[in-house]
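Descriptive structure summary
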Amino acid sequence: RSITILTVKGDAGLGKSRLVYEFEGWLDAFPTFFYLLKGRADEESINLPYSLLRDMFSERFQIMDSDTQSQAREKIVQGVSALTGEDNEEQAAFIGQLLGFDFSESPYLRGILSDAKQIHTRAFAHIAHFFEQLTKTAPAVVLMDDIHWADNGSLEMLSHLATLEADLPLFILC
């Protein structure tokens, strides 16, 4: 029961994505329940802050590009609540704002919208807490594909998770 991050490195075309795909297939046959979160980076997203994390949460909460900001906000709030078992609008607001969804009307953000550092720090703490809550009921597996295209903010968050002094059943494959 600990946080494990494994990074697979290799030349283009070597089969890293295929390895992730095969690992996911192996997980599907696994008899134990676990949470699965997946994200993928691409060349266009490398300069978009937190785009890899946004992809992961969007995939898990079924947020579509065609969703309105209101629909996206609702999906984040409902998704966080459903996965953590707690009604935590503050957590959802900070995570959503960091990922580029408009939570500016949230009472938890109104006074600090101009303070990007505070939003960043508190959002990182909320994401860490999200994984702490999530893994109370079952282990979690995070698959991050094409991480060589990942933005710096997402990589910083993954590093933050790796340094948590928490004993969580969390496995992150990059």
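Here we summarise the structure given alongside this text. (Residues numbered from 1 in each chain as written. Predicted model: local features only at pLDDT ≥ 70, side-chain atom pairs only at ≥ 80, totals over all residues. Heavy atoms only, no water.)

1. Quick word on the sheet that holds strand E2 (residues 35-40)
Ordered in space as E1-E4-E3-E2, the 4 strands form an open sheet in which the pairing is parallel. Edge positions in the sheet fall to strand E1 (3-6) and E2, since each of these pairs with one other strand and no more. Averaged over all neighbouring strand pairs, the angle between strand axes comes to 10°, with direction disregarded. Where E1 meets strand E4 (residues 170-173), 4 bridges bridge the pair, whose relative direction is parallel. Within the sheet, the bridge partner assigned to Leu6 lies in E4 and is Leu173. Helix-sheet contacts for helix H5 (residues 116-134) involve E2, strand E3 (140-145) and E4, and the interaxial angle to E2 is about 145°. (Pairing = 2+ DSSP bridges. Helix = DSSP H or I, 4+ residues; strand = E, 2+ residues; numbered from the N terminus. Axes fitted to C-alpha atoms, helices over the stretch in contact; angles between N-to-C directions. Contact = heavy atoms within 4.5 Å.)

2. Re unusual backbone geometry
For Tyr50, which is not a glycine, the phi torsion comes out positive at approximately 60°. Within the element layout of this structure, Tyr50 appears in the loop between E2 and helix H2 (51-61). Residue classification places Tyr50 among the buried residues on the basis of a relative accessible area of 11%. One non-glycine residue with positive phi stands out, namely Asp146, at about 55°. Note that Asp146 resides in the loop between E3 and helix H6 (152-162). (Buried < 20%, exposed > 50% of the residue type's maximum accessible area, 1.4 Å probe, protein only.)

3. Quick word on the pattern of salt bridges
All told, the structure shown has 6 salt bridges when counted by the stated rule. For the salt bridge of Lys38 with Glu24, the shortest nitrogen-to-oxygen distance reads 2.8 Å. In this pair, Lys38 sits in strand E2 while Glu24 sits in helix H1 (residues 16-28), placing the two residues 14 residues apart along the sequence. Between Arg40 and Asp145 there is a salt bridge, with its nearest N and O atoms 2.2 Å apart. Of this pair, Arg40 sits in strand E2 while Asp145 sits in strand E3, and the two are 105 residues apart along the sequence. Residue classification places Asp145 among the buried positions, given a relative accessible area of 11%. Connected through salt bridges with shared partners, the residues Arg40, Asp145 and Asp146 form a single ionic network. (Salt bridge = Lys/Arg side-chain N within 4 Å of Asp/Glu carboxyl O.)

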